[in-house]
Amino acid sequence: MHARADAPDTAPSWPDDIFATLQRFDVRQVPYVPDAGHSKLIQRVLGSSTMRGIPLTTEEEGVALLAGAWTGGQRGVLLMQSSGVGNCINMLSLIPILRFPFLTLVTMRGEWGEFNPWQVPMGSTTQGVFELSGVQVLRASHAAEVPAVLEAAASQAFNALTPTAVLLSQRLIGAKVFTK
Amino acid sequence: MNKANLLDRRQVVSTLLANRKDVVAIGGLGASTNDMCAAGDHARNFYLWGGMGGAAMIGLGLALAQPKLPVLVITGDGEMLMGMGSLATIALQKPSNLSIVVLDNEAYGETGGQTSHTSAAADLVGVAKACGIADSQSISTMAEVEAFAKAVHDVSAGPRFANVKIDSANLERILPTRDGTYIVNRIRGDLGFQPI
């Protein structure tokens, strides 16, 4: 579990801000790999009448899915965790080749108080992996900046066909802790 | 070495696409994309030249976006083995308009014919069934191919999966366009979508 409280009255509202932006940009397909940081957004997506949440077995499936969605006339966004970015590397090559709008929202591990060393290698290279793969990276570290960052990311992804990843920092989400 | 009584891949693919009408077809990285082109270039052909393992998921994204259109993925055993998890993802979404055909020659023909896992161990029909695609079958005759080609047009009864054991002969390559942006935009244009 995360350090943050999950009670409805204290749950963070930034996932609602993300959901509202995705709605405004007419996002229809939302592939995801289950992730605690994205749990509230995933719940909103699964409860939506216009978006379809699509659980994946591995993140690279989501890149290919979004290519197909765009070919069929729909926009999508991929939700994953930093460790999943490594699973996508070859499939990311579809983005410049097919030139479809790509937006992914990545909850970060391996930074800001991480307790698990196994998360650090991929978390540390997530931004670099994206940049080497031709995906621009924006970051949100505080709840207050989420709406503006999402607006910028969705706008450049869907309007300018500029592949974009938003890193939702571990500082924003709350470092994961295990308690006995 | 070629085994006896196996189907000819080009004949299988041209039969699948003979009366395609509004079908959108996605070829897998490798010879299946060449087979699709050999059956006749088409505005609704999605030729994959990279992103190995992604063909079925491209098909799922397309099928969910266009639920009334038949979407047909034609790929190879090597490509399907790389994306086996996508069969579970597809089964969960139940896209009733999606059909997947694997041309199974039990070999990696693109890279020198090394044997694939389907030659001695992996049963892709079993995998698809166990992942939750109830309509999964093994095909060994042209009559079954013809029946499957008809079923593809029933967009209310999928998803469906077929594994076709084909001859491993290395055929002359019929190469389609490699321009991915052109391929995608040609399909989008045919479906009525304007460029951004």
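Predicted model, so just to flag it, every value in this text is computed and none were measured. (Residues numbered from 1 in each chain as written. Chains lettered and ligands numbered in written order. Predicted model: local features only at pLDDT ≥ 70, side-chain atom pairs only at ≥ 80, totals over all residues. Heavy atoms only, no water.)

**As for the overall build of chain A**
Inclusion rule: For the purposes of this entry, the term helix denotes a DSSP run of H or I that reaches at least four residues, the term strand denotes a run of E that reaches at least two, and both are numbered from the N terminus. Atoms considered for the radius of gyration are the C-alpha atoms alone. The globule rule reads 2.2 Å times the number of residues to the power 0.38. Here's how the labels work: a residue is buried when its accessible area is under 20% of the maximum for its type, exposed when over 50%, partly exposed in between, all with a 1.4 Å probe on protein chains only. Note on contacts: a residue pair is in contact if any heavy atoms of the two residues lie within 4.5 Å. What sets the accessible areas is the Shrake-Rupley method with a 1.4 Å probe; for residues, cover comes only from the shown protein chains.
Of the regular secondary structure elements, chain A holds eight helices and seven strands. Relative to its length of 180 residues, chain A is compact, with a C-alpha radius of gyration of 15 Å against a globular reference of 16 Å. Each principal axis of the C-alpha distribution contributes one length, and for chain A these read about 50 × 35 × 30 Å. Burial statistics for chain A: of 180 residues in total, 56% are counted as buried. Residue pairs in contact within chain A that sit at least 24 positions apart in sequence constitute 77% of those at least 6 positions apart. Put simply, chain A shows about 7,400 Å² of open surface, and 55% of that area lies on carbon and sulfur atoms.

**Comments concerning the UniProt feature "transmembrane region" (unreviewed entry) in chain B**
To be explicit about the condition: UniProt positions are given in the numbering used here, feature names are shortened, and annotations may be inferred rather than shown by experiment.
Under the UniProt annotation, "transmembrane region" (unreviewed entry) lies at residues 46-65 of chain B. As annotated, residues 46-65 of chain B has a helix share of 55% and a strand share of 5%, and its two end C-alpha atoms lie 15 Å apart.

**Regarding the nonpolar core**
To keep things clear, this is the line we draw: By nonpolar core is meant a set of buried Ala, Val, Leu, Ile, Met, Phe, Trp, Tyr and Cys residues that side-chain atoms within 4.5 Å join together.
Grouped together as the largest cluster of nonpolar side chains are 84 residues, with contacts concentrated most on Phe100(A), Phe130(A), Ile100(B) and Phe161(B). Here this core gets eight residues from one element, more than from any other, and that element is helix 3 (residues 55-65) of chain B. Among all residues touching Ile100(B), those that are not within four sequence positions of it are Ala56(B), Val73(B), Met80(B), Leu87(B), Ile90(B), Phe148(B), Arg160(B), Phe161(B) and Ala162(B). Within the second largest apolar cluster, 28 residues are counted, among which are Val27(A), Ala140(A), Val146(A) and Ala153(A).

**Focus on the UniProt feature "domain: Thiamine pyrophosphate enzyme TPP-binding" (unreviewed entry) in chain B**
Under the feature "domain: Thiamine pyrophosphate enzyme TPP-binding" (unreviewed entry), the UniProt entry names residues 44-154 of chain B. When the span residues 44-154 of chain B is considered, its composition is 40% helix and 22% strand, and the gap between its end C-alpha atoms is 18 Å.

**Re helix 3 (residues 60-71) of chain A**
Residues and elements named next belong to chain A. Using the following cut-off: By this rule, a helix spans an expected 1.5 Å times one less than how many residues it contains.
The terminal C-alpha atoms of helix 3, which comprises 12 residues, lie 17 Å apart, in line with the 16 Å expected from a rise of 1.5 Å per residue. Most of helix 3 sits inside the fold, with 11 of its 12 residues counted as buried. At the C-terminal side of helix 3, Gly 73 shows a positive phi close to 95 degrees.

**Brief notes about helix 2 (residues 31-38) of chain B**
Residue and element names in this part refer to chain B. Here helix 2 lies mainly inside the structure; six of its eight residues are buried. Lining the buried residues of helix 2 we find helix 1 (9-17), strand 1 (24-27), strand 2 (45-46), strand 3 (71-76) and strand 4 (98-104). Positive backbone phi, approximately 125 degrees, marks Gly 40, located one or two places after helix 2.

**Notes on the packing of aromatic side chains**
Operational definition: Only the six-membered ring of Trp is used, alongside the rings of Phe and Tyr, when aromatic pairs are assigned; centres must lie within 6.5 Å, and planes under 30 degrees apart are stacked while those over 60 apart are edge-to-face, with the rest tilted. Counting as a charge over the ring demands two things of the Lys NZ or Arg CZ atom: a distance within 6 Å of the ring centre and an angle within 35 degrees of the ring normal.
In this structure the tally under the stated criterion is two aromatic pairs over all chains. Between Phe25(A) and Phe158(A) the ring centres are 6.1 Å apart and the planes differ by 35 degrees, which places this aromatic pair in the tilted class. Residue Phe25(A) is found in the loop between helix 1 (14-24) and strand 1 (27-32), and its partner Phe158(A) is found in helix 7 (residues 146-158); the two are separated by 133 residues along the sequence. Just as Phe25(A) is buried, Phe158(A) falls in that class too. Aromatic pair Phe100(A) and Phe102(A): ring centres 6.5 Å apart, planes at 85 degrees, arrangement edge-to-face. Its relative accessible area of 2% is what places Phe100(A) among the buried residues. If you follow Arg178(B) out to its NZ or CZ, it ends over the ring of Trp49(B), 5.9 Å from the centre. The aromatic ring of Trp70(A) is capped on one face by Arg188(B), whose charged end is 3.7 Å from the ring centroid.

**As for the interface of chain B and chain A**
In plain terms, the rule: Here the buried area means the combined drop in accessible surface, using a 1.4 Å probe, for two parts upon being joined, counting both sides. Between Lys or Arg on one side and Asp or Glu on the other, a salt bridge is scored when a side-chain nitrogen of the former is within 4 Å of a carboxyl oxygen of the latter. The residue classification treats Ala, Val, Leu, Ile, Met, Phe, Trp, Tyr, Cys and Pro as nonpolar and Asp, Glu, Lys and Arg as charged. All others, Gly included, are polar.
Across the contact, 29 residues belong to chain B and 28 residues belong to chain A. When chain B packs against chain A, close to 2,200 Å² is buried across both sides, 65% of that on carbon and sulfur atoms. The interface formed by chain B and chain A holds zero salt bridges in total. Those elements giving two or more residues to the side of chain B that touches chain A turn out to be helix 3, helix 5 (85-93) and helix 8 (180-190) of chain B. Of the residues forming the side of chain B that touches chain A, the biggest block, seven residues, is contributed by helix 3 of chain B. Partitioned by chemical class, the residues of the side of chain B that touches chain A number 16 nonpolar, 12 polar and one charged.

**A word on unusual backbone geometry**
All names here are of chain B. Across the junction of Gly 158 and Pro 159, the peptide omega takes the value 0 degrees, indicating a cis bond. As for its position among the elements, Pro 159 is in the loop between helix 7 (142-151) and strand 8 (160-165). Positive phi is not limited to glycine here, since Glu 106 has a value of about 60 degrees. Within the secondary structure, Glu 106 is located in the loop between strand 4 and strand 5 (107-108).

**Let's talk about the sheet that holds strand 3 of chain B**
Residues and elements named next belong to chain B. This is how it is decided: In this description, strands pair whenever DSSP reports at least two bridges between them.
Pairing is parallel in the open sheet, where six strands are placed in the order 2-1-3-4-8-7. The outermost strands of the open sheet, each flanked by one partner alone, are strand 2 and strand 7 (135-139). Of the pairings in the sheet, the one linking strand 1 to strand 2 comprises two bridges and is parallel in character. Within the sheet, the bridge partner assigned to Ile 26 lies in strand 2 and is Phe 46.

**Looking at the side chain of Thr33(B)**
Residue and element names in this part refer to chain B. Our working definition: Here a polar contact is recorded for every N or O atom pair within 3.5 Å, except that within protein the pair must consist of a potential hydrogen donor and a potential acceptor, and residues adjacent in sequence are included only if both atoms are side-chain atoms.
Mapped onto the elements of the fold, Thr 33 is located in helix 2. Here Thr 33 falls in the buried class, since its relative accessible area comes to 1%. Within the structure, Thr 33 has its side chain in polar contact with the backbone nitrogen of Leu 48 (distance 3.1 Å). Once residues within four sequence positions are removed from consideration, Thr 33 is found in contact with Gly 27, Gly 28, Tyr 47, Leu 48 and Pro 176.

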